[in-house]
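Here are the chains, one letter per residue:
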Amino acid sequence: MTQPKTSPVENTGGETHQTAGGKSPVLTTQQGVPVSDDQNTLRAGPRGPALLEDFHFREKMFHFDHERIPERVVHARGYGAHGYFESNGLLEAASRAAVFKKGEKTPAFVRFSTVAGNKGSADLGRDVRGFATKFYTKEGNWDLVGNNIPVFFIQDPIKFPDMVHAFKDEPDRGFPQAQTAHDNAWDFISLTPESMHMVMWVMSDRAIPRSFRFMEGFGVHTFRLVTAEGKSTFVKFHWKPKLGLQSVVWNEAVKINGADPDFHRRDLWDAIEQGAFPEWELGVQLFDDAFADKFAFDVLDPTKIIPEEEVPVQVAGRLVLDRNVDNFFLETEQVAFCTQNVVPGIDFTNDPLLQGRNFSYLDTQLKRLGSPNFTHIPINAPKCPVMNFQQDGHMAMRNPKGRVNYEPNSWSGATPREEPGPRESHAAGYRSFPAAVEGTKVRQRSETFADHYSQARQFYVSQTDIEKQHIQNALVFELSKVNRVDIRARMVGHLLNIDQGLADAVVKGLRLKDVPKPLPAARPTRQDLKPSDKLSIIKNGPKNFAGRKVGALVTDGTDADVLAALDKAVKAEGATLVLVAPEVGGFKDSAGASHDAHEKLEGGPSVLFDAVAVIPSKEGAALLAELPAARDFVADAYAHRKFVGYSPAAAALFEKAGVARDEGFVPLGKAGEADAFIAACRKVRFWGRAGAER
Ligand code: HDE
């Protein structure tokens, strides 16, 4: 009997079924029995009934019937990749954690996600993005389970199930999917004043990122770093993308969801496949008790940030994602993040939300993965020795060897022992920071958590005018989808406590007839908090156009020199040129050379690109002018304030599409113009194109 030759694949625990060329392996059952016929079930005669003894069919169908595991109750839709974290040593003085030693390179796995949508929902819903990182350190796994927004909707974990119920699809009808633009979500929000700061972030373009590669990440809670001597420093964690911040605009997001619902996951996959490895700096805000005491808000309140102007972000290392998963299910679906996964040198604070999360994540993994042995799955298994007396349970892969499975024991030999240490060659075991704890049992929110509007206002006033307008538009859009007028009005009652101009714009946008009074506030809104530039996306945009995509609309007869110059300029910037033609089979340029197209026009709308070049031949432009998809291509690029490179012949198409050229249009033809076009693209959007979106 021949066994198929398979080689184990690192990290997945899976086996490859493809051999590079050569002989195909033999198909077998799960028991390893070679299969002779995988096309027909075993029957009593060709037209007879199926036979129960068909073990191959029975096993195959049994396994298929059980392929699904429950999707995550939140953050169901996600995408992951492998990489590493490299420490620059900044935190050596503040933490004993091995992961922070200078030059230490720690393997990592990151899963990005949306929150509200189900597993099969589209990537560009208006939503918070999860940014969860598992560091496989030498002293165990550290999970930093963060988001791309530094604050949260609620202050107490007991409200999390209510919040999630209200945000997700409504229970009677099972929709809407992957969005908060419905009555239940805004009913809950408008009855939860503490969510106002987060609402400002979620209504901003932060909630429609261009891709995972262009967004920040935040640990949200205040954590502790602890030295070997037991000294503690408070820390807030940040991820800063090397490529700068970038978001799409709402109308674009809506269209991307139709054109490519996998826009974000495809972007990450492609970037890694092309060797353009996404990178983030790990930033930290470090502070002590004295700062915490004098800071205007409670550092344990997860609805508050510490402005970077007050405590600067220092860089502690970099995260690089350099390897795609081998198998989505084994890795991205089965990865189990737990906030309570910390390592010696990193500890919790009393942030109530963090404490609640520390309960929830372990619990949820048991439900999802079905066994307390989920840590045996390769993606979750630490890459350092694991030694204890835990045993058995469903799907056990690893039980202690030998006779001893308890402690204390008096058997001689090497059985695992505690390490209060340090011992030679062993660091001391995990010790919780001995924070003094005292209190009366109460169900009570701290008074220091009571200011719900001041930082919401600070966020809003820190935005550029265009970003303020996007927040107004988002609120008008979402509240227009809310049927109950009293909920719309209640929300305006909150906005009046944040900013009069914002409230006025939303009232106007909704045509709200009875304008409410500001809602009673537990604390008056502070007007003295200084605007923070770091809160704006536009003020923290890219420094170049690297990692972005130019979509070039081409036809037969496209000028060969223009195309070559564009290709060169795009490549020199580290960006990608995507050729969009009427037929995917390609086109012939003016010199008679044939090119394959990357996309057929209808499959490559301009919303998929950061900038466009419209470079048809004269005949090609006349043909494009008659195609709705071509007119949409330029009209959308215009409305989304993209930079447009163009050849003179494109004028016919622009005219038919009703697009007037402005300074965001850069001619392509003469020497150097392709470079000028890319130089313009570095600003990503031509915001000067006022009113284009309307
Ligand atoms: Fe989560 N959250 N969460 N969350 N969360 C989950 O765990 C929970 C919160 C975050 O890619 C669940 O494995 C509670 C804040 C991310 O696999 C669950 C509370 C932040 C992910 C859970 C919060 C997050 C989750 C669902 C309030 C940002 C996806 C599936 C007390 C700092 C991780 C799972 C991945 C996932 C509970 C609030 C981030 C149910 C109870 C705040 C990125 O355990």
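Residues numbered from 1 in each chain as written. Predicted model: local features only at pLDDT ≥ 70, side-chain atom pairs only at ≥ 80, totals over all residues. Heavy atoms only, no water.

This part covers the sheet that holds strand β12 (residues 576-581). Backbone hydrogen bonds hold the strands of a sheet together, and the pairing may be parallel or antiparallel. Ordered by their spatial adjacency, six strands build an open sheet running β15-β12-β11-β16-β17-β18, and the pairing between neighbours is parallel. If you trace the sheet from one side to the other, it starts and ends with β15 (599-600) and β18 (665-667), each paired once. When strand β16 (residues 611-614) meets strand β17 (residues 644-646), the two strands line up parallel, connected through three bridges. The partner of V614 across the bridge, within β17, is Y646. (Pairing = 2+ DSSP bridges. Helix = DSSP H or I, 4+ residues; strand = E, 2+ residues; numbered from the N terminus.)

Further remarks concern the site of the ligand. Around the ligand sit 22 residues, and of these R72, R111, R357, Y361 and Q365 come closest. Here an oxygen atom of the ligand sits 2.7 Å away from a polar atom, N or O, in the side chain of R72. Contact distances for the ligand include 2.6 Å between a nitrogen atom and a side-chain N or O atom of Y361. Here the element with the most residues in the shell around the ligand is helix α9 (residues 352-369); it accounts for six residues. Residue classes in the shell around the ligand are distributed as eleven nonpolar, eight polar and three charged. (Near = heavy atom within 4 Å. Polar contact = N/O pair within 3.5 Å; in protein donor to acceptor, adjacent residues only side chain to side chain. Nonpolar A, V, L, I, M, F, W, Y, C, P; charged D, E, K, R; others polar.)

Attention shifts here to the packing of helix α4 (residues 196-203) against helix α11 (residues 465-480). For the pair α4 and α11, the least separation of the axes is 8 Å and the interaxial angle reads 100°. When the interaxial angle is binned, α4 and α11 end up roughly perpendicular. In contact with V199, M200 and M203 of α4, α11 contributes H470, I471, A474, L475 and E478. Of the residues in the contact of α4 with α11, the class split is six nonpolar, one polar and one charged. (Axes fitted to C-alpha atoms, helices over the stretch in contact; angles between N-to-C directions. Parallel < 35°, antiparallel > 145°, perpendicular 65-115°, else oblique. Contact = heavy atoms within 4.5 Å.)

Applying the stated criterion across every chain, the model contains 30 aromatic pairs. Grouped by ring-pair contacts, the aromatic residues F85, F100, F112, F131, F135, W142, F212, F223, F237, W239 and W280 constitute a single cluster. In this arrangement the basic side chain of K383 is found over the ring face of Y136, its NZ or CZ atom lying 4.4 Å from the centre. Cation over ring: K468 sits above Y460, and NZ or CZ is 5.8 Å from the ring centre. (Phe/Tyr/Trp six-rings, centres within 6.5 Å; stacked < 30°, edge-to-face > 60°. Lys NZ or Arg CZ within 6 Å of the ring centre and 35° of its normal.)

Now for the environment of A625. Here A625 shows up in helix α15 (residues 618-625). Along the primary structure A625 and K656 are separated by 31 residues, whereas in three dimensions their C-alpha atoms are 6.0 Å apart. Beyond its immediate stretch of four places on either side in the chain, A625 contacts R631, A652, L653 and K656.

Bringing the side chain of T137 into the picture now. Within the element layout of this structure, T137 appears in strand β3 (residues 129-137). Of the polar contacts made by the side chain of T137, one reaches the backbone nitrogen of E139; its length is 3.0 Å.

Where helix α18 (residues 673-681) is concerned, the buried positions are E673, A674, F677, I678, A680 and C681. For α18, the angular spread of buried residues about the axis comes to 155°, placing them on one side. If you follow the buried residues of α18, they end up packed against β11 (549-553), α14 (560-573), β16, β17 and β18. (Buried < 20%, exposed > 50% of the residue type's maximum accessible area, 1.4 Å probe, protein only. Arc of directions from axis to C-beta.)

In this section: the packing of helix α3 (residues 183-190) against helix α12 (residues 485-498). Direction vectors running N to C along α3 and α12 enclose 35°, while the axes themselves pass 9 Å from each other. By crossing handedness, the relation of α3 to α12 is classed as left-handed. In contact with D183, W186, D187, I189 and S190 of α3, α12 contributes I487, R490, M491 and H494. In terms of residue class, the contact of α3 with α12 is made up of four nonpolar, two polar and three charged. (Left-handed = near helix turned anticlockwise from the far one by under 90°.)

It is worth spelling out the side chain of R457 at this point. Mapped onto the fold, R457 is located in helix α10 (residues 454-461). Residue classification places R457 among the buried positions, given a relative accessible area of 17%. For R457, the side chain forms a polar contact with the side chain of D499, separated by 3.1 Å. Apart from residues no more than four positions distant in its own chain, R457 is found in contact with I498, D499, T525, R526 and Q527.

Turning to empty space enclosed by the protein, a few remarks are in order. Counted under the stated rule, the structure contains six cavities of 30 Å³ or more. If you add up the space inside the largest cavity, you get close to 160 Å³. Forming the walls of the largest cavity are 18 residues, and the residues nearest its centre are P150, F218, H238, I305 and I306. Take the lining of the largest cavity: its biggest share by element is three residues, from strand β7 (residues 232-241). (1 Å grid on protein atoms, 1.4 Å probe; cavity = no way out; pocket = protein on both sides within 12 Å on 5 of 7 lines; lining within 4 Å. Points joined across faces, edges and corners; volume = space filled by probe spheres on them.)

Attention now moves to the coordination of the iron atom of the ligand. Of all protein atoms, just one serves as a donor to the iron atom of the ligand, and that atom is Y361 (OH), at 1.9 Å. Tracing the chain through its elements places Y361 in helix α9. (Donors = N, O, S within 2.8 Å, 3.2 Å for Na, K, Ca; no water.)

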